[in-house]
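Below are the chains, spelled out letter by letter.
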Amino acid sequence: MDNNNEDFIISLAQEIETIVAKDMYELPFSINVIDSAARGRLKEIAHSMVLAGILTYPEFQNSFLTNFLGISVSKPMKVIIEVPTKNNEVSKALDKNDPDWKIDILLYDDSHYIILENKVNDAKETPYQIYKYVYGSDRLSKHDISQVYVVYLNNLDNAFPSEQSYCFNGVNVREQLGARFIVSSFRQDIYAWIASISKDIKPDVEPHIYSALDQYIDYLESKFKLSTKYKKMNEDIKGYLFSKYNLENADNKEKIQSLNDALNQVKSLSERINNVITSLYEEESNKSMKDCQNQFEKNYPNVSIGHDEHSFGFKLKNDIWCGVWDSHYISEAKDQPVWAFQTKNVNDTKKSDVKKILEKSNMESMAHSDKKGWIAWGSSQHIFDKISKLFNSAKALNLIE
């Protein structure tokens, strides 16, 4: 059998899913409150809330500071989540109207400013993400750079983020912080740390703390398949892979090499499948965009519109276009068309005009503003309702060209 054949890879994946389903079905019955409440996958903000809650307990906080940062404090630091921060330089470079970002978890006192970045669900980096947290205006007014720490928490590994996350305008935050820039993972480091601190909690003395830690440990064990109850499933998968790749008698180095090659093939296939899915989403959003165009022309026959293969729109004053685009330009919209305001040379006057239209349409809270030349945009399945509302608001404000 050709192990490089995509049919082989697909067959392999299907068989492994069968093994997983069978072995999971045979596991003893159990209930995890977190898993039930989250309906499976816990969002990153929820992980941050749990971790922040653990860190408010003085003994746990001291343990975390000692184990992860090698520091100790005489009294507990303040712990807060979703901390808004601003950096006008980065805002200008990204051409963002809204310069607010949120630090996932922040620990601080007069002498320390500790940023925890949570990537437990592999969220994508945003441009200059760590830089803008470290050089946020709130930190600059209270703490020196020598008091700053970053704990970057990956899902599975200890890989540093890319330079585009911690470098900006010639400043390299990773170099500045040195040993105070720590990378750890939930699968290895956070799980092991929480498992260790839970051993010091007596269930009859502090039942709620013990129960909370026990439930979160159980959740992480299920998420990362770390529990001994998954041993049979892991062994079954291992045996199946070794058999299919003729690795039963190979040494570990050869097994690692062969399975890494297989993993690269899977990633390559995954990318191609994702490309097909993206094109299908685009086809659906394009159809919706054209349906919307036809309906718009029918309802507003006297309005002059411009259009191309992927969009249509009408012109406002100050050289602003308001219209509908398919997901060719904004892939994250998937199968939904996008309403947007587009212009060259964004300035305060244009931003003000768009803001007035959005406010009159009660759509200001729905707008994104992180695309070059796009003052505001949003996706919707009900795209005709949205573009009609924007048109009527612009007309009422006398902003139609």
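Residues numbered from 1 in each chain as written. Predicted model: local features only at pLDDT ≥ 70, side-chain atom pairs only at ≥ 80, totals over all residues. Heavy atoms only, no water.

## Remarks on the overall build of the protein chain
Within the protein chain one finds 15 helices and twelve strands. For the protein chain, the spread of C-alpha atoms along the three principal axes comes to 75 × 65 × 45 Å. Looking at the 401 residues of the protein chain, the share that counts as buried comes to 43%. Sequence-distant contacts, at least 24 apart, represent 67% of the contacts inside the protein chain between residues at least 6 apart. On the protein chain, roughly 22300 Å² of surface is accessible, and the fraction owed to carbon and sulfur atoms is 48%. Within the protein chain, the 58 negative side-chain charges are centred at a point lying 5 Å from the centre of the 48 positive side-chain charges. (Helix = DSSP H or I, 4+ residues; strand = E, 2+ residues; numbered from the N terminus. Buried < 20%, exposed > 50% of the residue type's maximum accessible area, 1.4 Å probe, protein only. Contact = heavy atoms within 4.5 Å. Areas by Shrake-Rupley, 256 points an atom, 1.4 Å probe, with all protein chains shown as cover. Lys, Arg positive; Asp, Glu negative; His and termini not counted. Charge placed at Lys NZ, Arg CZ, Asp CG, Glu CD.)

## Thoughts on helix H10 (residues 186-198)
Phe186, Ile190, Tyr191, Trp193, Ile194, Ala195, Ile197 and Ser198 are the residues of H10 that are buried. Where H10 is buried, its residues touch helix H3 (44-55), helix H4 (58-69), strand S3 (113-118), strand S4 (148-154), strand S7 (181-185) and helix H11 (207-224). Its side-chain oxygen at 3.1 Å from the backbone nitrogen of Gln188, Ser185 defines the N-terminal cap of H10. (Polar contact = N/O pair within 3.5 Å; in protein donor to acceptor, adjacent residues only side chain to side chain.)

## Quick look at the pattern of salt bridges
Pairing between side chains becomes possible if they bear opposite charge and their charged atoms approach one another. With the rule as written, the count across this model stands at five salt bridges. In this structure, the salt-bridge partner of Lys119 is Glu117, at a minimum N-O distance of 3.4 Å. In this pair, the class of Lys119 matches that of Glu117, namely buried. Of the charged contacts, one joins Lys232 and Asp236 as a salt bridge, the two residues approaching to 2.9 Å between their closest N and O atoms. With a gap of four residues between them, Lys232 and Asp236 both fall in helix H12 (residues 231-244), about one helical turn apart. Judged by its relative accessible area of 28%, Asp236 is partly exposed. (Salt bridge = Lys/Arg side-chain N within 4 Å of Asp/Glu carboxyl O.)

## Remarks on the packing of helix H14 (residues 348-360) against helix H15 (residues 383-396)
In a packed pair of helices, the relevant descriptors are the angle between the two axes and the axis-to-axis distance. Relative orientation of the contacting elements H14 and H15 amounts to 115°, with a least axis distance of 9 Å. Here H14 and H15 pass one another in a crossing that is right-handed. Residues Ile357, Leu358 and Lys360 of H14 lie in contact with H15, whose contacting residues are Leu390, Ser393, Ala394 and Ala396. Considered class by class, the residues forming the contact of H14 with H15 number five nonpolar, one polar and one charged. (Axes fitted to C-alpha atoms, helices over the stretch in contact; angles between N-to-C directions. Left-handed = near helix turned anticlockwise from the far one by under 90°. Nonpolar A, V, L, I, M, F, W, Y, C, P; charged D, E, K, R; others polar.)

## Some details on the nonpolar core
Judged by nonpolar contacts, the single largest core of 39 residues is most densely connected at Ile114, Leu116 and Trp193. Mapped by element, the contributors of at least two residues to this core are H3, H4, strand S2 (100-108), S3, S4, H10 and H11. Setting aside its immediate chain neighbours within four residues, Trp193 contacts Leu51, Ile54, Leu55, Phe60, Ser63, Phe64, Asn67 and Phe68. Residues Leu316, Cys322, Val354 and Leu390 belong to the second largest nonpolar core, which totals 26 residues. (Core = buried A, V, L, I, M, F, W, Y, C linked by side-chain atoms within 4.5 Å.)

## A closer look at the packing of helix H1 (residues 6-25) against H12
Across the interface, H1 lies against H12 with an axial gap of 9 Å and an inter-helix angle of 155°. Regarding the angle of H1 to H12, the classification is roughly antiparallel. Crossing handedness for the pair H1 and H12: right-handed. Across from Phe8, Ser11, Leu12, Glu15, Ile16, Ile19, Val20, Lys22, Asp23 and Met24 in H1, the residues of H12 making contact are Lys232, Met233, Asp236, Ile237, Tyr240, Leu241 and Lys244. In terms of residue class, the contact of H1 with H12 is made up of ten nonpolar, one polar and six charged. (Parallel < 35°, antiparallel > 145°, perpendicular 65-115°, else oblique.)

## A short note on H3
In this model H3 runs 16 Å from its N-terminal to its C-terminal C-alpha over twelve residues, within 8% of the 16 Å that 1.5 Å per residue would give. Along H3, the positions that sit buried rather than exposed are Glu44, Ala46, His47, Ser48, Leu51, Ala52, Ile54 and Leu55. (Expected span 1.5 Å × (residues − 1).)

## What about unusual backbone geometry?
The phi dihedral of Tyr128 is positive, around 60°, even though this residue is not glycine. For Tyr128, a relative accessible area of 24% translates into the label partly exposed.

## Some points on the side chain of Asn87
With respect to the element layout, Asn87 can be found in the loop between strand S1 (78-86) and helix H5 (88-94). Exposure remark for Asn87: the relative accessible area of 6% places this residue in the buried category. At 3.1 Å, the side chain of Asn87 forms a polar contact with the backbone nitrogen of Glu89.

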